[in-house]
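Listed below are the residues making up each chain.
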Amino acid sequence: MTVTTPDVAAARHGDMAGAIRLLAADAVEQAKSGHPGMPMGMADVATVLFTRHLKFDAAAPRWADRDRFVLSAGHGSMLLYAVSYLAGYADVTLDQLRAFRQLGSRTPGHPEVGHPSSAETTTGPLGQGLANAVGMALAERLLQARFGADLVDHHTFAMCGDGCLMEGISQEAISLAGHLRLAKLIVLWDDNRITIDGALSLSSSDDQLARFAASGWRTLTVDGHDPAAIDAALTAAKAGDRPTLIACRTTIGYGAPTKAGTEKCHGAPLGAAELAGLRDRLGCNWPPFEVPAPVLGAWRTAGARGRAAHGAWAGRVEALEPARRTEFERCQAGALPQEFERVVAALKQSLVAAAPKIATRKASQDVLEVLTAAVPDLVGGSADLTHSNLTQTKATKPIAAEDFSGRYVFYGIREFAMAAAMNGMALHGGVIPYGGTFLVFADYMRNAIRLSALMGIRVIYVLSHDSIGLGEDGPTHQPVEHLAMLRATPNLTVFRPADAVETAECWALALAEAGGPSVLALSRQAVPAVRTVDRTDNLCALGGYVLAEAEGPRKVTVIATGTEVSLALKARSALQAEGIGCAVVSLPSWELFDRQPASYRAEVLGPGSVRVAVEALSTFGWERYVGTEGAIIGMTGFGASAPAEALYAHFGITAEAVVAAAKARL
């Protein structure tokens, strides 16, 4: 698909790039903080990209078949904001540029997805934008295989710096992209050889071109200040059969009379004298936050050059056979199929009838067999633990460089890149990604999970082997503090289901939660069925509920999650046998429970009763539910290597311990 190139005869390239440089430098100066060097250095590259190559329509920022532009070097955010204003994005005005880095503005210090509308993702933690771009490029391939090139045919461009490429996630990401031959992925490397500390040579002597080539990429080098060379490289990259790295040799802070080419312009305002000298050197002696009409007009023409392509695409969508159009639009909107609730209800009914005694990771696989068949948008994967996480189903055939019709990614041992790529897939739209590894390896993915939550996107983390119950692999693989860390993350919903029915309910909630990511913490060891009565409502949606009420006056409330719910039920039986009324509360999601009315939470937790919490993980945080007088049975240190039963006994996580703790407080 082609897009028209604007006539920039009335405005020379230098003026158009100069507008980016000056707006970036002026905004940083006004904010008294920010990073002018990168936008000034990459202004020529951005000008060529946005005016000659990027397929976009500034009047329709969320057009599904637009090219994606990811500013992985998020500290250079003023490049994106300047281009957005110049190209005519309605939500980026001069007032917004003047309000750079100020409370309530749409121009924050680092790009945040949707703030402004041109920001495709939230970047700042270096390297993750690059991995997001890999996920976006993968989503494009998957959706084109599903719906055809008439509806899905676009490129993904990522702009990154030396910091992005030094972060370890970059190797994971480029290796995966090269393996899958994501030919529509183009990375523009700001090769300015400067970091915050000074010259890049202080800390790195890597041959980045060789590294990318070894991972299956095509590599090109250009003078990053030569528009003709940049144009030629982008043209060649778009015609390639592999992902392409374009090394753009640039000068950081280009045009600044004394600070260009040095770390002094990386992360601080230039100062009034340097700004004046910059204007003189660029030949762009315009007042701050002003752009001459011919220059702005040329940019606005560039912002509209994709409008015809957008209109033609919309026409093709409108002309689709009704059922196919409905499915495409449903998919793009992120809505679940109409029959989803019916499918979940039937699944729960069958699980209640079967009452399987299985690990919740196995229950998750059984649930996924049904859900992946019913929700074609689901795209799964695992970081080389498919047969442990049990994340692949009959409906999710493998994805390969030769065939993108599948729905399962073998991510390899690349947990961080898996998480960040899933973020990119979710941001792209049209797919719902889920990926598996062990809970203990949430540490490897931590910052990507945090960004999932910060962006409020639907990514599902399937984290199995969720406690000391995994047994013999020992403390290196036994999570202790990990669930506490995840629960402490805002806007992340953590589920730890107790049996197959709860697992089905938690999966249904995770899929319905379009406003944030979810974690499913799943067991290695088998657990008995605890939900034995079919109900149409989703009890896990409450976060916590009374699974078994006391017989007689409630004197004790035992609160548990996951594998320890069945242990709590054993403790209840023992207490009831002694005439002590005991209720068991299943608390699969702290986050959802905390959203319930205070009256409901108090009723569930049993006012006036002795409260005992039991979970084979860190005790941290349980005080909010048991209070200062209650007891917490759990882990206060690392685990050990032994069979699960021996570990539970060794660490005192037993029904007997629960009973003793309760009786000691009566």
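For the structure, check the block above.
On a predicted model such as this, the values are computed, not experimentally measured, just so you know. (Residues numbered from 1 in each chain as written. Predicted model: local features only at pLDDT ≥ 70, side-chain atom pairs only at ≥ 80, totals over all residues. Heavy atoms only, no water.)

Chemist: Explanation requested: the overall build of the chain in the structure shown.
Modeler: Of the regular secondary structure elements, the chain holds 27 helices and 20 strands. Over its C-alpha atoms the chain spans a radius of gyration of 28 Å, differing by no more than 12% from the 26 Å that the globule rule assigns to 666 residues. Oriented by its inertia axes, the alpha-carbon framework of the chain measures out at about 90 × 55 × 45 Å. Burial analysis of the chain (666 residues in total) assigns 62% to the buried set. Long-range pairs, those at least 24 residues apart, make up 79% of the contacts in the chain with a sequence separation of at least 6. Within the structure as shown, the chain displays about 23500 Å² of accessible surface, and the carbon and sulfur contribution to it stands at 53%. Each charge class in the chain was averaged separately, 59 positive and 67 negative side chains, and the resulting centres sit 2 Å apart. (Helix = DSSP H or I, 4+ residues; strand = E, 2+ residues; numbered from the N terminus. Rg over C-alpha atoms; globule rule 2.2 N^0.38 Å. Buried < 20%, exposed > 50% of the residue type's maximum accessible area, 1.4 Å probe, protein only. Contact = heavy atoms within 4.5 Å. Areas by Shrake-Rupley, 256 points an atom, 1.4 Å probe, with all protein chains shown as cover. Lys, Arg positive; Asp, Glu negative; His and termini not counted. Charge placed at Lys NZ, Arg CZ, Asp CG, Glu CD.)

Chemist: Is there a simple way to think about helix α10 (residues 227-238) in this case?
Modeler: Because an α-helix packs 3.6 residues into every turn, residues spaced three or four apart end up facing the same way. In this model, α10 (twelve residues) spans 17 Å end to end at C-alpha, consistent with the 16 Å of a helix rising 1.5 Å per residue. Taken as a whole, α10 has its buried residues at I230, A233, L234 and A237. The arc that holds the buried residues of α10, viewed along the axis, is 100 degrees, so those residues lie on one side. Residues of α10 that are buried make contact with α3 (43-53), β2 (156-161), β3 (185-191), β6 (218-223) and β7 (244-249). Where α10 starts, the residue carrying a side-chain oxygen 3.1 Å from the main-chain nitrogen of A228 turns out to be D226. (Expected span 1.5 Å × (residues − 1). Arc of directions from axis to C-beta. Polar contact = N/O pair within 3.5 Å; in protein donor to acceptor, adjacent residues only side chain to side chain.)

Chemist: Sorry, what's going on with unusual backbone geometry here?
Modeler: Comment: phi is negative for the bulk of residues other than glycine, and the bulk of peptide bonds are trans. Cis geometry is adopted by the peptide bond preceding P116, which originates at H115 and carries an omega value of 5 degrees. Assignment of secondary structure puts P116 in the loop between α5 (94-98) and α6 (128-147). In the Ramachandran plot, F289 falls in the positive-phi region, its phi being about 60 degrees despite a non-glycine side chain. Under the relative-accessibility criterion, F289 is labelled buried at 4%. Non-glycine residue N491 carries a positive phi angle of around 65 degrees.

Chemist: Is there a simple way to think about the packing of helix α13 (residues 307-318) against helix α14 (residues 322-333) in this case?
Modeler: For any two helices packed against each other, one specifies the inter-axial angle together with the distance between the axes. Where α13 meets α14, the closest approach of the two axes is 9 Å, and the angle between their N-to-C directions is 125 degrees. Our classification of the angle between α13 and α14 gives oblique. Residue-level inspection shows W313, V317 and E318 of α13 in contact with α14, the latter providing R325, F328 and E329. Each residue belonging to the contact of α13 with α14 can be placed in one class, and the counts come to three nonpolar, no polar and three charged. (Axes fitted to C-alpha atoms, helices over the stretch in contact; angles between N-to-C directions. Parallel < 35°, antiparallel > 145°, perpendicular 65-115°, else oblique. Nonpolar A, V, L, I, M, F, W, Y, C, P; charged D, E, K, R; others polar.)

Chemist: What is the right way to read the sheet that holds β3 from this model?
Modeler: Read from one edge to the other, the open sheet built from five strands follows the order β1-β2-β3-β7-β6, with strand pairing classed as parallel. Of all the strands in the sheet, just β1 (68-71) and β6 have a single pairing partner and so form its edges. In this sheet, neighbouring strand axes are inclined to one another by 20 degrees on average, regardless of whether the strands run parallel or antiparallel. As defined by bridge partners, β6 adjoins β7 across six bridges and the pair is classed as parallel. By the bridge assignment, T219 is partnered in β7 with L245. Against the sheet, α3 makes contact with β1, β2, β3 and β7, and its axis sits at roughly 175 degrees relative to β2, the strand it touches most. In the packing of α10 onto the sheet, contacts are made with β2, β3, β6 and β7, and the angle to β6 comes to roughly 165 degrees. (Pairing = 2+ DSSP bridges.)

Chemist: Got a minute to help me understand helix α4 (residues 77-87) in this structure?
Modeler: In terms of burial, α4 is a largely internal element, eleven of the eleven residues being buried. Inspection of α4 places S77, M78, L79, L80, Y81, A82, V83, S84, Y85, L86 and A87 among the buried residues, and these make up the whole buried set. Positive backbone phi, at 100 degrees, marks G88, one or two positions downstream of α4.

Chemist: How should I be thinking about the pairing of strand β12 (residues 460-464) in this particular structure?
Modeler: Within a regular strand, the side chains alternate between the two sheet faces. Counting buried positions over the five residues of β12 gives five, a clear majority of the element. Here β12 shows a buried face lined by I460, V462 and S464 and a second buried face lined by Y461 and L463. Across five bridges, strand β11 (residues 432-438) lies against β12 in parallel orientation. Bridge pairing in β12 places F438 opposite S464. Each parallel crossover has a hand, and for β11 linked through helix α19 (residues 442-455) to β12 it is right-handed. As paired strands, β12 and strand β14 (residues 518-522) are joined by five bridges and run parallel to one another. The partner of V462 across the bridge, within β14, is L520. (Right-handed = clockwise from strand over helix to strand, strands pointing away.)

Chemist: Sorry, what's going on with the pairing of strand β18 (residues 582-586) here?
Modeler: Counting buried positions along β18 yields five of five residues, so the element is predominantly enclosed. The alternating pattern of β18 places C582, V584 and S586 on one face and A583 and V585 on the opposite face, and all of these are buried. Pairing analysis gives three bridges linking strand β16 (residues 545-548) to β18, with the strands arranged antiparallel. Within β18, the residue paired with Y545 across the bridge is S586. The pairing of strand β17 (residues 556-560) with β18 spans five bridges and is parallel. For A560, the partnering residue across the bridge sits in β18 and is S586. Between the parallel pair β17 and β18, the chain is carried across by helix α22 (residues 564-577), and the sense of this crossover is right-handed.

Chemist: Mind showing me how you'd approach the sheet that holds β16 here?
Modeler: What links the strands of a sheet is backbone hydrogen bonding, and the strands pair in either a parallel or an antiparallel sense. The strand order across the open sheet built from five strands is β16-β18-β17-β19-β20, with neighbouring strands paired in mixed fashion. If you trace the sheet from one side to the other, it starts and ends with β16 and β20 (631-635), each paired once. Between one strand axis and the next, the sheet turns by 25 degrees as a mean value, whatever way the strands run. Taken strand by strand, α22 contacts β16, β17, β18 and β19 (610-618), and its axis lies near 170 degrees from that of β18.

Chemist: Looking at this model, I keep getting lost on the pattern of salt bridges. Mind explaining?
Modeler: Where side chains of opposite charge bring their charged atoms close, a pairing between them can arise. Under the counting rule described, the total for this entry stands at 34 salt bridges. A salt bridge links D15 to R12, with the nearest nitrogen and oxygen atoms 3.1 Å apart. R531 is paired through a salt bridge with E505; the nearest N and O atoms lie 2.7 Å apart. Of this pair, R531 sits in the loop between β15 (526-527) and β16 while E505 sits in helix α21 (residues 500-512), and the two are 26 residues apart along the sequence. A cluster of three or more residues bridged by salt bridges with shared partners is formed by D466, R487, R496, E564 and E615. (Salt bridge = Lys/Arg side-chain N within 4 Å of Asp/Glu carboxyl O.)

Chemist: Please explain the packing of aromatic side chains as it appears in this structure.
Modeler: Geometry of an aromatic ring pair is reported as the spacing of the ring centres plus the angle between the planes. A complete count under the given rule lists 17 aromatic pairs for this structure. A ring pair is formed by W590 and W622, whose centres lie 4.8 Å apart and whose planes are at 75 degrees; its orientation type is edge-to-face. Of the two residues, W590 sits in helix α23 (residues 590-594) while W622 sits in the loop between β19 and α25 (623-626), which places them 32 residues apart along the sequence. Given the relative accessible area of 1%, W622 is considered buried. Three or more aromatic residues link up through ring pairs in this structure, and these residues are W590, F593, Y600, W622 and Y625. Lying over the aromatic face of W590, R487 brings its terminal NZ or CZ to 4.0 Å of the ring centre. (Phe/Tyr/Trp six-rings, centres within 6.5 Å; stacked < 30°, edge-to-face > 60°. Lys NZ or Arg CZ within 6 Å of the ring centre and 35° of its normal.)

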